[in-house]
Amino acid sequence: MKTPVLRPPVEAVLFGFERIGMVIRIAWLPIVLSIGLYVASFYSLMGGEVLGGIDWSAAEPSITLERIIAHESFAQFYLLHSLVLPLLVSLILTCVYVAVTRASTLANYEPPSLPFYFALGPRELRYFVVRILYGILIAVTAVIFFGLIAGVVAAVVAVTGSINTGANPLVIAPGAAVAIWLFIVWLWIVMRFLPVLPIAAVENRIAFGDAWKMTKGNFWRLVVSGLFFVALMQGVMFTLMLVIFVPAALIFGLVGAVAYSFSAAASIALLALFVVVAIPAFIAIGSFALAATAAFPARIYAYLSGCGDECKIY
């Protein structure tokens with residue numbers, strides 16, 4: 001099967017707009033739980049359990065920083081905050097990604113219509129495992145290929161420094177070609193496995209081999225479609241921020257300046273009001289971004305799997 005180039009990114013962005021209410025409904029509880037974990041983590045750091053035995057009387061900030069790093073509990077906190085906590089938050093948010101992926105792939109799927117949503121069954125666990133494995137694949141291949149690219153660049157610099165200036169293009173051009181080729185090979189590997197995420201969400205199975213077979217002959221289509229999706233998302237996000245926050249900031253800023261000339265308390269109240277107004281806007285924009293980001297590989301999967309009317313959500 002061949003995937004269209006423009007339709008998947010356009011459909012993903014449209015899905016983000018049209019189903020934003022559904023995404024907010026199913027995402028708010030996992031997001032609150034995730035924020036609560038980070039708040040609890042920082043509280044354990046600043047509330048005395050981790051840094052309670054540190055002497056803060058040092059005049060030099062560098063000395064205080066050394067005491068924090070050398071504290072016996074800091075290493076445990078750093079491990080928790082940099083590894084365990086992101087994995088736990090990713091696991092919690094898995095139910096949202098699975099539901100959004102299924103909703104953006106299957107015409108007849110709708111998450112439960114409760115005011116909150118949280119599911120962590122075999123399907124979500126498989127998706128979580130696939131997401132971790134796919135992330136490891138991207139990271140490991142990136143280290144390998146970008147390390148090779150760095151080696152090529154270093155070799156080119158060393159050679160050009162030891163030969164005549166007129167012969168530099170004869171060295172730089174092949175080196176640049178090799179570096180570009182290595183980057184394309186890395187991108188080829190990453191894009192060929194892209195459908196593994198929607199396969200886990202929709203078909204409830206781990207199938208890296210099927211994802212590889214599914215994308216055969218579609219690499220350049222996937223690259224162009226992905227670039228168009230990134231450009232489209234950047235434009236939409238910039239427009240939303242510009243339309244929503246800039247006018248509100250200008251209005252609250254002008255009114256706050258006038259209010260401050262009469263009363264500082266009034267300006268603080270206006271600032272608090274702006275924060276209250278901004279929080280739902282951030283939630284809405286974040287929900288749109290989450291929905292569109294999950295929907296893009298889902299729409300790619302829909303076209304590559306040839307599921308026909310079952311995947312026509314528009």
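Heads up: the structure comes first, above all this text.
Here the structure is a predicted model, which is why all the values come from computation and not from measurement.

The rules we used
- Residue numbers run consecutively from 1 along every chain, following the written order of its sequence.
- The predicted origin of the model limits local features to residues at a pLDDT of at least 70 and limits the giving and counting of side-chain atom pairs to 80 or more, whereas totals for whole chains, interfaces and linings rest on all residues.
- The basis for the side-chain values is all heavy atoms of the structure; hydrogens and waters are excluded.
- For Phe, Tyr and Trp, rings pair up if their centres lie within 6.5 Å, where Trp contributes its six-membered ring, and each pair is then called stacked (planes under 30 degrees apart), edge-to-face (over 60) or tilted (otherwise).
- Under the DSSP-based scheme used, a helix requires at least four consecutive residues in state H or I and a strand at least two consecutive residues in state E, with every element numbered from the N terminus.
- Either the NZ atom of lysine or the CZ atom of arginine qualifies as a charge over a ring when it sits within 6 Å of the ring centre and within 35 degrees of the ring normal.
- Under the convention used throughout, the expected extent of a helix is 1.5 Å for every residue step, that is, one less than its residue count.
- A simple rule labels every residue: compare its accessible area, found with a 1.4 Å probe on the protein chains alone, to the largest value its type can have, and call it buried under 20%, exposed over 50%, or partly exposed in between.
- It only takes one pair of heavy atoms within 4.5 Å for two residues to be counted as in contact.
- Just to be clear on terms, a salt bridge is a Lys or Arg side-chain nitrogen sitting within 4 Å of an Asp or Glu carboxyl oxygen.

J.: Just give me the short version of the packing of aromatic side chains, but keep the residues and values in it.
T.: Under the criterion given, the structure shown has nine aromatic pairs. Between Phe146 and Phe183 the ring centres are 6.2 Å apart and the planes differ by 75°, which places this aromatic pair in the edge-to-face class. Placement of the pair is Phe146 in helix α5 (residues 122-160) and Phe183 in helix α6 (residues 168-192), with a sequence separation of 37 residues. Between Phe193 and Trp212, the ring centres sit 5.0 Å apart and the planes meet at 45°, which makes this aromatic pair tilted. Separated by 19 residues along the polypeptide, Phe193 in the loop between α6 and α7 (196-203) and Trp212 in helix α8 (residues 208-214) bring together distant segments of the chain. In this structure an aromatic cluster arises from ring pairing among Trp188, Phe193, Phe208 and Trp212. We note Arg131 situated over the ring of Tyr97; from NZ or CZ to the ring centre the distance is 4.2 Å.

J.: Residue-level account of unusual backbone geometry, with values.
T.: Backbone geometry places Asn204, a non-glycine residue, at a positive phi of 60°. Residue position: Asn204 is located in the loop between α7 and α8.

J.: Explain helix α1 (residues 7-18) residue by residue, including any values.
T.: Look at α1: 16 Å from first C-alpha to last across 12 residues, which is about the 16 Å you get at 1.5 Å a residue. Looking only at α1, the buried set comprises Pro8, Pro9, Glu11, Ala12, Val13, Phe15 and Gly16.

J.: Go over the environment of Phe228, please, and point to the residues and values.
T.: Turning to its location among the elements, Phe228 is positioned in helix α9 (residues 219-262). Overall, the relative accessible area of 31% leaves Phe228 in the partly exposed class. Sequence separation of Phe228 and Pro8 is 220 residues, and the distance between their C-alpha atoms is 9.6 Å. Ignoring sequence-local partners within four residues, the contact set of Phe228 consists of Leu6, Pro9 and Val10.

J.: Hey, could you go over the pattern of salt bridges for me, with residue numbers and the actual values?
T.: For side chains bearing opposite charge, pairing can occur when the charged atoms are close. Counting across every chain of the model gives six salt bridges. Here Arg299 makes a salt bridge to Glu11, at a shortest N to O gap of 2.8 Å. Here the residue Arg299 occupies a position in helix α10 (residues 264-305), and Glu11 occupies one in helix α1, the gap between them amounting to 288 residues. Look at Glu11 and you get buried, because its relative accessible area is 9%. Each member of the salt-bridge network shares a partner with another, and the members are Arg7, Glu11 and Arg299.

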